[in-house]
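Residue strings, one per chain:
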Amino acid sequence: MRATLLLPGLALALAAGACGDVQRAADGTASAPAPRLEQRVAVSGDVPRARPADFRAPIARYRAHVRRELTAMAADVAALRAALARGDLAGARGAWLAADGRYESIGAAYGAFGPLDAAIDGRPGVLQGGVRSARFDGLHRVELALWGRRSTADARAPAARLARDVARLRSHVGSIAIDPLDYALRAHEVLEDTLQLQLAGVASPWASAALVALEGNVRGTDVVLGSLRPLVVRRNPRVLAQAQAALARLRAELRRLHRRGGGALPRWDALPRRERERVAGLTAAAAEQLAFVPELIDPRPPRRPQRALGTELAQ
Amino acid sequence: MIRRRAFLAGGLAAGAAAAAGRLAGGAAVAAATQAPAADAALGERFAFDGTHQAGILTPRQPYAIVVAFDAIADTRGQLADALAALSARARALAHGYDALLGAPGGEGPTPDSGVLGARVTPDGLTVTIGFGASLFDDRYGLAHRRPRGLKAMPAFPDDAIEPARTHGDVLVQLCANTHEKLLHALRDLMRTTRGALAPRWKVEGFLPPPQREPGAGRNLLGFKDGTANPDVADAGLMDELVWTPEGGTFAVVRIIRNRVEFWDRVARGEQELMIGRDKAHGAPLGRAAEHDDPDYASDPNGERIPLDAHIRLARPRTPQSEGSRILRRGYNCSDGVDDAGQLDMGLLFVAFNRDLARQFEAVQKRLAGEPLVDYVVPVGGGYFYLPPGARDAQDWVGSGLFV
């Protein structure tokens, strides 16, 4: 089947020519046959539901990724501070982009980082007073200095605090609790964040680094999906295949932009409209496919739906 | 095997049985058979398939959304699949069906937005699909298939075109009796084609209810608009003015912002001289009723209806000009406010023609520089070719381009 970019069941129904049944049916709304939801993500009968214990190995793998990325981010922040110390704006910007991309690649654990996440990646929009708030700090405070104010001096103090907070987070990685259900949900929620914050242009208003963030987000999603692979594949290999195909398209697009930019990704706000549409469309398409993962491997005990019958079918 | 949105023959009974199988108790079957007769507006149905696409000669439904997409598919095959899927979903949405609002666990994302409740009624939905000139470039091997006469909409002298609201590879015009039907359909269609069609711009339109007054409805300038439209029941006239030989048509979409605050500061008499009609009942100036002939022959110097009045320039009613008539099917539209606090509202102008140069562009040339241009600002839209309708449920709109 070549229609990997369509929703799975639809492609199937089209291939089967099943839509014709809708048209051949007798007239009249009340009796009109309908495209009907069936068991869309059928779990093979002999595969038991996922249990929280099944997530131990995936989360351990993810934790190792977070530790590696934070180690690398600490080096990026050190390079940032060195550039600031010598007044090198271009060097500082490069180091900031590297650090930001690293942080975006560990997005599957944000919720678990608590106040340290707010200190490192807090955005002015959530603060009373916005950029004028005394609590505005971290990556985006440095971003404001480097791009909004073109100042290395203004970035030095927040960069020093950033180094401290990254080191602190790095030392806590082993003890951060990551809930199995949250982890399963991150399979598509990392890219939901990309769509809401990065590609909407609100996340890095001065550096316009949405593509750098997207690259990190895709890398993080790859790690999550890779770690969940055994759990997903034995329940429904097509879910994994379709998600991976969608991510591959997105990665290929990022590689293309990289090559064209001579190794650097362009600013999001400098990208021509059609290319922005394409990046956003591919990201949304990947989220659409990844959204099949969480329910497939939901680690919670099964719950009978407690709906009134009337909510299930029209009255 | 994933079977998201699998289509089942057998309809309600099978669906209800499936639902009952997952729910405690078997009362779902009884509940399903007690559905009341649908309201006429909700039950109204226009066939998606046919010689021509629906939504062109169809009497205007009260609500419309026009969306332009750009193709982001990697290959020609992916684009064809997406367009086939677009037609398949449009056909189902226009027909109506029962949708489960929620599904018990283990089934992935919700199958239906639920915006219309558990029963997706047809609501008079039409989905009309078209293609912009930009689709016929080298990306999908369609360059040699570009319909004769299709080009990118040029910027006319009085335009203030915003790229963000202009052009597009694929046009989708949705019209229905309710607004939420449009939003439901749009979400479904976009979800279906997410990886192949990226939205470029969208405008939502509405009409005044017909019970407000007889005759044509009013635009947001407060004037009756559409009085002189060609008669869609005249098949010969439609062949002359609307349909291309193969049964398609060319759509002109113009997002025309009305400077309403400015317009409201103009005296009624001045407004009427610019339009050429009486504001109260829509009659041509100096005539008694909306549909009276303006009789320009008796007013060669424009003493009654100025020579540069909008209706006179748009349709001079000379033998030479009658062939340039267009079938207008526009809607009023309203969005937010601009940085100056001025309302962004106006006309979602939609017109169909057999030949863009002979019809719409000839009208545009006549209108250039009319006094009204100070108050109406075209900011977007585009030219699109609307192919013939899908023959049957195995066919899809645009399939002819891919053979």
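Conventions used here
- Per chain, residue numbering runs from 1 following the sequence as it is written.
- Labels follow written order: the first chain is A, the first ligand is 1, and so on.
- In keeping with the predicted nature of the model, local features appear solely for residues at pLDDT of at least 70, side-chain atom pairs appear and are counted solely at 80 or more, and the whole-chain, interface and lining totals rest on all residues.
- In this description a helix means any DSSP run of H or I spanning at least four residues, a strand means any run of E spanning at least two, and both kinds are numbered starting from the N terminus.
- Here a residue counts as buried when 20 or more other C-beta atoms fall within 10 Å of its C-beta, as exposed when 12 or fewer do, and as partly exposed in between; the C-beta atoms come from the backbone.
- Working definition of a contact: two residues with C-beta atoms, positioned from the backbone, lying within 7 Å.
- Lines fitted to the C-alpha atoms define the axes, with helices restricted to the stretch that makes contact. Angles between their N-to-C directions range from 0 to 180 degrees.
- Here the word oblique covers every angle except those under 35 degrees (roughly parallel), over 145 (roughly antiparallel) and from 65 to 115 (roughly perpendicular).
- Throughout, a crossing is termed right-handed when the near helix is turned clockwise from the far one, and left-handed when it is turned anticlockwise from it by less than a right angle.
- A set of buried residues qualifies as a nonpolar core if it consists of Ala, Val, Leu, Ile, Met, Phe, Trp, Tyr and Cys joined through C-beta atoms within 7 Å.
- Residue-level confidence of the predictor is summarised by pLDDT, bounded by 0 at the bottom and 100 at the top.
- Here, any two strands with at least 2 DSSP bridges between them count as paired.
- Working rule for helices: expected span equals 1.5 Å times residues minus one.
- Classes in brief: Ala, Val, Leu, Ile, Met, Phe, Trp, Tyr, Cys and Pro nonpolar; Asp, Glu, Lys and Arg charged; the others, Gly included, polar.

Caption draft 1: Layout of the overall build of chain B. When helices and strands are counted, chain B shows ten helices and eleven strands. The buried share of chain B, taken over its 403 residues, is 48%. The long-range share in chain B, meaning contacts at least 24 apart out of those at least 6 apart in sequence, stands at 76%.

Caption draft 2: Quick look at the packing of helix α7 (residues 139-148) of chain A against helix α8 (residues 153-172) of chain A. Residue and element names in this part refer to chain A. Interhelical geometry of α7 versus α8 gives an angle of 160° and a closest axis separation of 9 Å. Between α7 and α8, the angle falls in the class roughly antiparallel. For the element pair α7 and α8, the recorded crossing hand is left-handed. Note on element contacts: α8 touches α7 through Asp 154, Ala 155, Pro 158, Ala 159 and Leu 162, opposite Leu 139, Arg 141, Val 142, Ala 145 and Leu 146.

Caption draft 3: The arrangement of unusual backbone geometry in detail. Residues and elements named next belong to chain A. The phi angle at Arg 150 is positive, at roughly 45°, despite the residue not being glycine. In this structure, Arg 150 sits in the loop between α7 and α8. Taking the C-beta count within 10 Å as the criterion, Arg 150 has 11 such neighbours and is therefore assigned exposed.

Caption draft 4: Just the nonpolar core, in detail. By size, the foremost hydrophobic cluster in this structure holds 157 residues, and its most contacted members are A:Val293, B:Val127, B:Leu174 and B:Leu348. For A:Val293, the residues in contact, after removing those within four places along its chain, are A:Ala184, A:Ala187, A:His188, A:Leu228, A:Val232, A:Val239 and A:Ala243. If you look at the next biggest cluster of nonpolar residues, it comprises twelve residues, including B:Met274, B:Ile305, B:Leu313 and B:Val376.

Caption draft 5: Just the confidence of the model for chain A, in detail. Residues at a pLDDT of 70 or more form 81% of chain A, whose mean pLDDT is 84. Scored below 50 in pLDDT, residues 310-315 of chain A makes 25 contacts in the model with residues more than four places away or belonging to other chains.

Caption draft 6: Spotlight on the environment of B:Gly215. Residues and elements named next belong to chain B. Looking at the secondary structure, you find Gly 215 in the loop between β6 (197-206) and α6 (235-241). Sequence separation of Gly 215 and Val 115 is 100 residues, and the distance between their C-alpha atoms is 33 Å. Look past the residues within four positions of Gly 215 in its chain and what remains in contact with it is Lys 224, Thr 227, Gly 282 and Glu 290.

Caption draft 7: Layout of the confidence of the model for chain B. Residues and elements named next belong to chain B. Residues with a pLDDT of 70 or more make up 89% of chain B, whose mean pLDDT is 89. Low pLDDT, under 50, characterises residues 1-37; the predicted model gives this stretch 93 contacts beyond four residues in sequence or across chains. Note on the complex model: pTM 0.86, ipTM 0.83.

Caption draft 8: The arrangement of the pairing of strand β1 (residues 63-71) of chain B in detail. Residues and elements named next belong to chain B. Most of β1 is tucked away, with nine of its nine residues classed as buried. In terms of strand pairing, β1 meets strand β5 (residues 170-176) through seven bridges, oriented antiparallel. Bridge pairing in β5 links Tyr 63 to Ala 176. Both β1 and β6 contribute to a ladder of nine bridges, which runs antiparallel. Bridged to Phe 69 within β6 is Pro 199.

Caption draft 9: Spatial organisation of helix α4 (residues 76-95) of chain B. With 20 residues, α4(B) should cover 28 Å at 1.5 Å per step; its first-to-last C-alpha distance of 29 Å lies within 8% of that length. After α4(B) finishes, the residue B:Gly96 shows a positive phi value of roughly 95°.

Caption draft 10: Examining the environment of A:Ala200 more closely. All names here are of chain A. Considering the arrangement of structural elements, one finds Ala 200 in the loop between α9 (180-198) and α10 (210-233). Judged by the 12 C-beta atoms lying within 10 Å of it, Ala 200 falls in the exposed class. When the C-alpha atoms of Ala 200 and Trp 268 are compared, they prove to be 9.8 Å apart, with 68 residues separating the residues in sequence.

Caption draft 11: Just helix α5 (residues 179-192) of chain B, in detail. With 14 residues, α5(B) ought to run about 20 Å at 1.5 Å a step, and its terminal C-alpha atoms sit 20 Å apart, in line with that. Of the residues making up α5(B), those classed as buried are B:Lys181, B:Leu182, B:His184, B:Ala185, B:Leu186, B:Asp188, B:Leu189, B:Met190 and B:Thr192.

Caption draft 12: Structural context of the pairing of strand β9 (residues 331-337) of chain B. All names here are of chain B. Pairing geometry for β6 and β9, over two bridges, is antiparallel. Its bridge partner lying in β9, Phe 206 is registered against Asn 332. Where β9 and strand β10 (residues 343-353) come together, five bridges link them in antiparallel fashion. Note that in β10 the partner of Val 337 across the bridge is Leu 343.

Caption draft 13: The environment of A:Ala160, seen in detail. Residue and element names in this part refer to chain A. Tracing the sequence through the fold places Ala 160 in helix α8. For Ala 160, a count of 13 C-beta atoms within 10 Å gives the class partly exposed. Expressed as a C-alpha distance, the spacing of Ala 160 and Gly 138, which sit 22 residues apart in the sequence, is 9.2 Å.

Caption draft 14: Inspection of the packing of α10(A) against helix α11 (residues 237-260) of chain A at higher detail. All names here are of chain A. Contact geometry of α10 with α11 gives a least axis separation of 11 Å together with a crossing angle of 160°. Classified by the interaxial angle, the pair formed by α10 and α11 is roughly antiparallel. When you trace α10 past α11, the crossing you get is left-handed. Along the contact surface, α10 presents Leu 211, Leu 214, Glu 215, Val 218, Thr 221, Asp 222, Leu 225, Arg 229, Val 232 and Val 233, while α11 presents Pro 237, Val 239, Leu 240, Ala 243, Leu 247, Leu 250, Arg 251, Leu 254 and Leu 257. Residues that form the contact of α10 with α11 fall into these classes: 14 nonpolar, one polar and four charged.

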